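Residues per chain, in single letters:
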Amino acid sequence: IMSRFIRAAVLACLLCLPCAAAFAQTICVANVAQLLSAMDQFRQAPEDATVTIKLVRGTYVIGASLSADGILPATDNVKLRVLGGYGAGCATRTIDPANTVFDGNNLADSGISMISPGDAGELLFEGIAFTRMRRPVDHYPGAVLSLQVNSGDNGIATVRYCRFSQNSASKMVLFESPQMRL
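Here is a short report on the structure shown in this document. All figures in this text were calculated on a predicted structure; none of them were measured in a lab. (Residues numbered from 1 in each chain as written. Predicted model: local features only at pLDDT ≥ 70, side-chain atom pairs only at ≥ 80, totals over all residues. Heavy atoms only, no water.)

### Considerations on the sheet that holds strand β6 (residues 112-115)
Consider a sheet: its strands pair through backbone hydrogen bonds, and that pairing is either parallel or antiparallel. Taking strand neighbours across the sheet as the criterion, the three strands line up as β6-β9-β12 in an open arrangement whose pairing is parallel. With one partner strand each, in any of the chains shown, β6 and β12 (171-176) form the two edges of the open sheet. Looking at each pair of strands side by side, their axes are set apart by 5° on average, direction ignored. Across four bridges, the pairing between β6 and strand β9 (residues 143-148) is parallel. Bridging from a neighbouring strand, M114 pairs with L147 of β9. (Pairing = 2+ DSSP bridges. Helix = DSSP H or I, 4+ residues; strand = E, 2+ residues; numbered from the N terminus. Axes fitted to C-alpha atoms, helices over the stretch in contact; angles between N-to-C directions.)

If you want it as structure tokens, here you go:
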């Protein structure tokens, strides 16, 4: 009888403990300054967070601002979703890469390089056109869009409904991830 009472008491105490909620942040972006700020939010996200960047339709002349040696969060298992095609205020969405464009402006070393470390990191780019990016052939990663999910078997890198045109690079997309989805 005593052991059943103790088990019931322990179970009741566990049920009273607050559950840690997963951190999720959604950011509506309408210009390059807001995009760079949103990427800073990704860099600062806590472990196991999900950062969703909703891009308002338009052209984002990013030049080489996102081509560092890898934009990565300070913690593990952070998920990043960059979604194009939103209307003003991000209330509606039409997925068409022609309406949301990342423009490298023909600048040397323009392109995007993202990293998500941990056992369950995810990187997703969807509904975006990439144009006029210039990546030197001899410079790693040499891709217009580089997605690296350095993790165990659960990491996922995804590119959906994107278009690549007028770019100069040894590869358009570079995946380094256990699971790769196009």
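Now that the structure has been shown, the text picks up again.
### Section: the packing of aromatic side chains
Applying the stated criterion to the full structure yields four aromatic pairs. For the pair F102 and F130, a centre-to-centre distance of 5.7 Å together with 85° between the ring planes defines the contact as edge-to-face. Here F102 is found in strand β5 (residues 100-103), whereas its partner F130 is found in strand β8 (residues 129-131), with 28 residues between them in sequence. Residue F102 is classed as buried on the basis of its relative accessible area of 0%. (Phe/Tyr/Trp six-rings, centres within 6.5 Å; stacked < 30°, edge-to-face > 60°. Buried < 20%, exposed > 50% of the residue type's maximum accessible area, 1.4 Å probe, protein only.)

### Observations concerning the pairing of strand β2 (residues 50-56)
Taking burial as the measure, the seven residues of β2 include six buried ones, the bulk of the element. In this structure, strand β1 (residues 24-29) lies alongside β2, joined through six bridges in parallel fashion. Across the sheet, residue Q25 finds its bridge partner in β2, namely V51. Pairing analysis gives six bridges linking β2 to strand β4 (residues 79-86), with the strands arranged parallel. For V51, the partnering residue across the bridge sits in β4 and is L80.

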